[in-house]
Amino acid sequence: MPQTTFTLSTDGQGLYEFTRDVTAWVSELSMSTGLLTLFIRHTSASLLIQENADPEVQMDLRNYFARLVPPTTDPSMSYLTHTYEGPDDMPAHIKAAMMPVSLNIPIMQGQMSLGTWQGVYLFEHRDRPHIRQVVGHLAGGT
């Protein structure tokens, strides 16, 4: 079963599309059908399939989750005890617990079966830059 690791650099909170990297890897494998699993190896970031046509969608998602789970410096978050890694750390873990850390995408005719406006994103929940790893595994098929 083919496997790979995608390494992504982030510049802080936000959505980082890596559809092209995944598409290139899948096309190299010459498998006509199968199931692609993507798994992020971190507890403060997530994976999403989301619209890739209008960048306002990514901005609105980031703003929504920032409002839903603010930093620990916000008075509404005073009940949190895990604060020694910075005010964005525990909120990042909460966001990652609310969103997927793995994705399954069918492969048909050698391509990911994404919709017209869908892209694959890493959702970084920490404020500072990070190097993130996403493991890809392609199973089954021909």
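This text follows the structure it describes.
Here's a quick rundown of the structure.

Rules used throughout
Residues numbered from 1 in each chain as written. Predicted model: local features only at pLDDT ≥ 70, side-chain atom pairs only at ≥ 80, totals over all residues. Heavy atoms only, no water. Salt bridge = Lys/Arg side-chain N within 4 Å of Asp/Glu carboxyl O. Helix = DSSP H or I, 4+ residues; strand = E, 2+ residues; numbered from the N terminus. Buried < 20%, exposed > 50% of the residue type's maximum accessible area, 1.4 Å probe, protein only. Pairing = 2+ DSSP bridges. Axes fitted to C-alpha atoms, helices over the stretch in contact; angles between N-to-C directions. Arc of directions from axis to C-beta.

Overall, the coordinates contain three salt bridges when judged by the stated rule. A salt bridge links Arg126 to Asp88, with the shortest nitrogen-to-oxygen separation between them at 2.8 Å. Here Asp88 lies in the loop between helix H2 (55-68) and helix H3 (89-98) and Arg126 lies in the loop between strand S7 (118-124) and strand S8 (130-139), a separation of 38 residues in the sequence. Classification of Asp88 by relative accessible area gives buried; the value is 8%.

Strand order in the open sheet formed by three strands is S2-S7-S4, and the pairing between neighbours is antiparallel. Each edge of the open sheet is held by one strand with a lone partner, namely strand S2 (14-17) and strand S4 (45-51). Each strand axis lies, on average, 35° off the axis of its neighbour in the sheet, ignoring direction. Pairing of S2 with S7 involves four bridges; the strand directions are antiparallel. Within S7, the residue paired with Leu15 across the bridge is Phe123.

In an α-helix, one full turn covers 3.6 residues, which means residues spaced three or four apart are oriented alike. Here helix H1 (residues 19-29) has its buried residues at Thr19, Val22, Trp25 and Val26. On an axial view of H1, the arc spanned by its buried residues comes to 135°, and they lie on one face. What points out from H1, more than 90 degrees from its buried face, is the exposed set Arg20 and Glu28. In the segment just after H1, Ser30 is the residue with positive phi, at about 55°.

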